[in-house]
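Fold and contact review
As a plain string of letters, each chain reads:
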Amino acid sequence: MTRIRRGYIARRRRTKIRLFTSSFRGAHSRLTRTITQQKIRALVSAHRDRGRQKRNFRRLWIARINGVIRERGVSNSYNRLIHDLYKRRVFLNRKILAQIAILNKNCLYMISNEIIK
């Protein structure tokens, strides 16, 4: 009986996974079983941390706005400022407000004074 040569499909799948984990250290980039485990783990972490990153940035923006607002005493708190913004239908998101708070504080003070009037 002659020897049957295996196909290339499994080898192609493994090399694709190897390319994904080529930057990992040690056995995590060399052994096939640990490569597949580490790929799954990396993808799970990436998926989880995308949501976490959004949360962290939102917290950072809120802290920046709140710090600048309380520094000058324009408004009592961040909460009051956001409430007044929505009441006046000024739809600036927190990211833009945080950038204004850092780069141009006077502009934020003008916005908050206009809202309070």
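Residues numbered from 1 in each chain as written. Predicted model: local features only at pLDDT ≥ 70, side-chain atom pairs only at ≥ 80, totals over all residues. Heavy atoms only, no water.

With an unreviewed UniProt entry as reference, the chain is termed Large ribosomal subunit protein bL20c, source organism Impatiens uliginosa. The heading Sequence similarities (unreviewed entry) in the UniProt record of the chain holds the text "Belongs to the bacterial ribosomal protein bL20 family." Under the UniProt heading Subcellular location (unreviewed entry), the entry covering the chain gives this text: "Plastid, Chloroplast". (UniProt positions renumbered as here; feature names shortened; annotations may be inferred.)

Let's talk about the packing of aromatic side chains
Summed over all chains, the structure comprises three aromatic pairs. Ring centres of Phe20 and Phe24 lie 6.4 Å apart, and the angle between their planes is 80°; this geometry places the pair in the edge-to-face category. We note Lys39 situated over the ring of Phe20; from NZ or CZ to the ring centre the distance is 5.5 Å. (Phe/Tyr/Trp six-rings, centres within 6.5 Å; stacked < 30°, edge-to-face > 60°. Lys NZ or Arg CZ within 6 Å of the ring centre and 35° of its normal.)

Considering the pattern of salt bridges
Within this structure, the stated rule accounts for four salt bridges. We note a salt bridge from Asp49 to Arg52, for which the minimum N-O separation is 3.7 Å. Linking Asp49 with Arg52, this pair stays in helix H2 (residues 32–72), spanning three residues, or about one helical turn. Given the relative accessible area of 32%, Asp49 is considered partly exposed. A relative accessible area of 39% places Arg52 in the partly exposed class. Connected via shared salt-bridge partners are Arg48, Asp49 and Arg52. (Salt bridge = Lys/Arg side-chain N within 4 Å of Asp/Glu carboxyl O. Helix = DSSP H or I, 4+ residues; strand = E, 2+ residues; numbered from the N terminus. Buried < 20%, exposed > 50% of the residue type's maximum accessible area, 1.4 Å probe, protein only.)

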